[in-house]
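The residues making up each chain are set out below.
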Amino acid sequence: MQRRHFIQAASLTPAVLGVPSLFAQSWPSGPIRIVVGFPPGGGADALARVVAQKLGVVWNQPVVVENKAGASGTLAAEYVAQQPSDGSTLLLTTINSHALAPAVFPKLRYHAERDFVPVALLGLTPNLLIASPSQGAKTVKDIVALCKAQPGRVTFGSAGPGTAQHFALELFKLRARIDALHVPYKGSGPLLTDLIGGQIQYSFETMAAATPHVNSGRVIAIAQTRGKRVKAYPNVPTMQEQGFDKFETMNWYGISGPGKLPATIARKMNQDINAVLAMADVQEKFDTFGVEDGGGSTEKFAQLVQTELTKWAKVAKEAKVTVNG
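Being a predicted model, the structure only gives us computed values, none of them experimental.

Draft legend 1. The packing of aromatic side chains, seen in detail. Summed over all chains, the structure comprises eleven aromatic pairs. A connected cluster of aromatic rings, assembled from ring pairs, spans F156, F172, Y202, F204, F244 and F247. The aromatic ring of Y79 is capped on one face by K68, whose charged end is 4.4 Å from the ring centroid.

Spelled out as structure tokens, the structure:
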């Protein structure tokens, strides 16, 4: 993680962490909502709830998580883009809504950069290639062989068309030269329920969502998809280590506000979120989820969004990723 940012944030005094009188007129006086584009039970929801609980204490006002699931997280993004830019409504921003969906949905009702103000990056995490323990193929090599033996029949679940799980699958199909069946869900919660129950076979699930089920033994982790192993999974090899050079997909999570959110509010929120990320218990939870490298300035987050938009547009074209709608 960006420890220098955390150390700076952790040194702030309680008076600084509270909402200063400077914002008495512009800071939202009622509850602040963090809107999540997926159902409860997924990684985005879990991270949002950790951060919301801490910010509620820092700001001395309710910070609530509101789930608006659907369309791979884009319904929530569209909703937040239309809300007043007063800081009362924020978006749990993900790679889905701000990099992947723009690459494959030609008629989005928002612009990922123009209609949002990046506030803070919460962190980056790999996908995990997971399966239920009952599956016979439990290595990447064996899964490739299974897919070649049963083209178009081996099932991989995702949280919806155009999501991180979907893109990881399409990249896997491209690199392994296989055909597999994409099964979209409305979020990670129902996906994991069906994977555990045997209705689907595999998923490149988000690490944050998959981890509780890996820890309980209900699913097994076969591979992780960043170029390096995260410390939460030191014994799970990367896709690159298993023969897929340059195979790298990662999820990222952040907080954004509507497009006209005042810079003073964005900077204050960024400062306080960095302080929350510096808390030992928050770091411990994020480490468990495999979420690393969070924190930093609003500009850092804005640059990430811009870079990811460009990257995944190119991947979508190369892998010929298409979705309906």
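Draft legend 2. Representation of helix α7 (residues 164–176) in the model. Given a rise of 1.5 Å per residue, 13 residues ought to cover 18 Å, and the 18 Å separating the end C-alpha atoms of α7 matches this to within 8%. Of the positions making up α7, those classed as buried are A164, Q165, H166, F167, A168, L169, E170, L171, F172, K173 and A176. With its phi angle positive at about 60°, R177 sits one or two positions after the end of α7.

Draft legend 3. Examining unusual backbone geometry more closely. Residues other than glycine seldom take positive phi values, yet N60 does so here, at roughly 55°. By the element assignment, N60 lies in the loop between α3 (43–59) and β2 (63–67). Positive phi, close to 60°, is recorded for S72, a residue that is not glycine. Relative to the helices and strands, S72 resides in the loop between β2 and α4 (74–81). Looking at S72, the relative accessible area reads 4%, which means it is buried.

Draft legend 4. Main features of the pattern of salt bridges. Per the stated rule, a full pass over the model turns up 13 salt bridges. Notably, a salt bridge pairs E66 with K68, separated by 3.3 Å at the nearest N-O pair. Taking relative accessible area as the criterion, E66 reaches 21% and is therefore assigned partly exposed. Look at K68 and you get partly exposed, because its relative accessible area is 26%. One salt bridge connects K228 with D293, and the closest N-O pair in it is separated by 3.9 Å.

Draft legend 5. Up close: α3. Its 17 residues place the ends of α3 24 Å apart at the C-alpha level, agreeing with the 24 Å of an ideal helix rising 1.5 Å per residue. Burial analysis of α3 places 13 of its 17 residues in the buried class, which makes it a mostly covered element. The first or second residue beyond α3 is N60, which carries a positive phi of 55°.

Reading the values: rules and limits
Residues numbered from 1 in each chain as written. Predicted model: local features only at pLDDT ≥ 70, side-chain atom pairs only at ≥ 80, totals over all residues. Heavy atoms only, no water. Phe/Tyr/Trp six-rings, centres within 6.5 Å; stacked < 30°, edge-to-face > 60°. Lys NZ or Arg CZ within 6 Å of the ring centre and 35° of its normal. Helix = DSSP H or I, 4+ residues; strand = E, 2+ residues; numbered from the N terminus. Expected span 1.5 Å × (residues − 1). Buried < 20%, exposed > 50% of the residue type's maximum accessible area, 1.4 Å probe, protein only. Salt bridge = Lys/Arg side-chain N within 4 Å of Asp/Glu carboxyl O.

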